[in-house]
Amino acid sequence: MARSKSSNDQKHGKLSRKRITVHERKLGKEKAVGLAYYDFYGGGKSLIEIDPRQGSKDYLDTLIHEALHTIYPDMSETEVHKTTGRLARLIWRQGYRRIQE
Ligand SMILES: [Zn+2]
């Protein structure tokens with residue numbers, strides 16, 4: 001049986017705590033390095049597709065950008081862009097880097 005607490009929370013403006021699934025895929029023809037599908041799986045569970053062919057800093061930037069789209073689906077592109085820049089610069093400055101498997 002589905003639990004309705006989170007969807008109820010979303011209606012009341014609280015942030016979704018639903019899992020964001022991340023798939024890596026070469027996004028050539030999509031003309032994008034990342035894509036966000038809010039509520040892709042229903043129940044507030046979203047999907048992010050990210051092109052793995054990016055350097056560590058670009059990858060971080062793309063991941064934050066698409067994550068913001070799924071966490072704040074009503075946030076404007078401009079606001080997502082600005083917030084992404086701030087977060088990516090902060091996290092990068094503190095020394096976080098991608099470790100390739
Ligand atoms: Zn965007």
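What you see is a predicted model; the values in this text were computed from it and never measured. (Residues numbered from 1 in each chain as written. Predicted model: local features only at pLDDT ≥ 70, side-chain atom pairs only at ≥ 80, totals over all residues.)

A closer look at the overall build of the chain
Alright, step 1. On a plain count of helices and strands, the chain comes out with three helices and three strands.
Alright, step 2. Relative to its 101 residues, the chain shows a buried fraction of 20%. (Helix = DSSP H or I, 4+ residues; strand = E, 2+ residues; numbered from the N terminus. Buried ≥ 20, exposed ≤ 12 C-beta atoms within 10 Å, placed from the backbone.)

Quick word on the packing of helix α2 (residues 56-71) against helix α3 (residues 77-93)
Alright, step 1. Orientation of α2 relative to α3, taken along the N-to-C sense of each, is 135°, at an axis distance of 9 Å. Accordingly, the angle class assigned to the pair α2 and α3 is oblique. Seen from above, α2 lies across α3 with right-handed handedness. Contacts from K57, L60, D61, I64, H65, L68 and H69 of α2 reach α3 at V80, T83, T84, L87, A88, I91 and W92.
Alright, step 2. Class assignment for the residues of the contact of α2 with α3 results in eight nonpolar, four polar and two charged. (Axes fitted to C-alpha atoms, helices over the stretch in contact; angles between N-to-C directions. Parallel < 35°, antiparallel > 145°, perpendicular 65-115°, else oblique. Left-handed = near helix turned anticlockwise from the far one by under 90°. Contact = placed C-beta atoms within 7 Å. Nonpolar A, V, L, I, M, F, W, Y, C, P; charged D, E, K, R; others polar.)

Observations regarding the pairing of strand β2 (residues 34-42)
Alright, step 1. Both β2 and strand β3 (residues 45-50) contribute to a ladder of five bridges, which runs antiparallel. Among the inter-strand pairings, Y37 is bridged to a residue of β3, identified as L47.
Alright, step 2. Hairpin remark: β2 followed by β3, antiparallel, with two residues in the connecting loop; positive phi at G43, about 60°. (Pairing = 2+ DSSP bridges.)

Describing the sheet that holds β3
Alright, step 1. If you walk across this open sheet you meet the three strands as β1-β3-β2, and the pairing is mixed. Each edge of the sheet is formed by a strand with only one pairing partner; in this case those strands are β1 (20-24) and β2. The sheet shows a mean angle of 25° between the axes of neighbouring strands, direction not considered.
Alright, step 2. Most of the contacts of α2 go to β2, to which it runs at about 35°, and overall it touches β1, β2 and β3.

A closer look at the nonpolar core
The tendency in soluble globular proteins is for nonpolar side chains to be buried as a group.
Alright, step 1. The biggest cluster of nonpolar side chains holds five residues, and these are I20, A36, I48, I50 and A67.
Alright, step 2. When near neighbours in sequence (up to four residues on either side) are disregarded, I50 contacts V22, E24, G34, T62, L63 and E66. (Core = buried A, V, L, I, M, F, W, Y, C linked by C-beta atoms within 7 Å.)

Quick word on α2
Alright, step 1. In this model, α2 (16 residues) spans 22 Å end to end at C-alpha, consistent with the 22 Å of a helix rising 1.5 Å per residue.
Alright, step 2. Inspection of α2 places Y59, L60, D61, T62, H65, E66, A67, H69 and T70 among the buried residues, and these make up the whole buried set.
Alright, step 3. Packing partners of the buried residues in α2 comprise β1, β2, β3 and α3. (Expected span 1.5 Å × (residues − 1).)

Looking at α3
Alright, step 1. Between its first and last C-alpha atoms α3 spans 24 Å; for 17 residues at 1.5 Å apiece the expected length is 24 Å, and the two agree.
Alright, step 2. Phi turns positive one or two residues past the end of α3, at G95, with a value near 95°.

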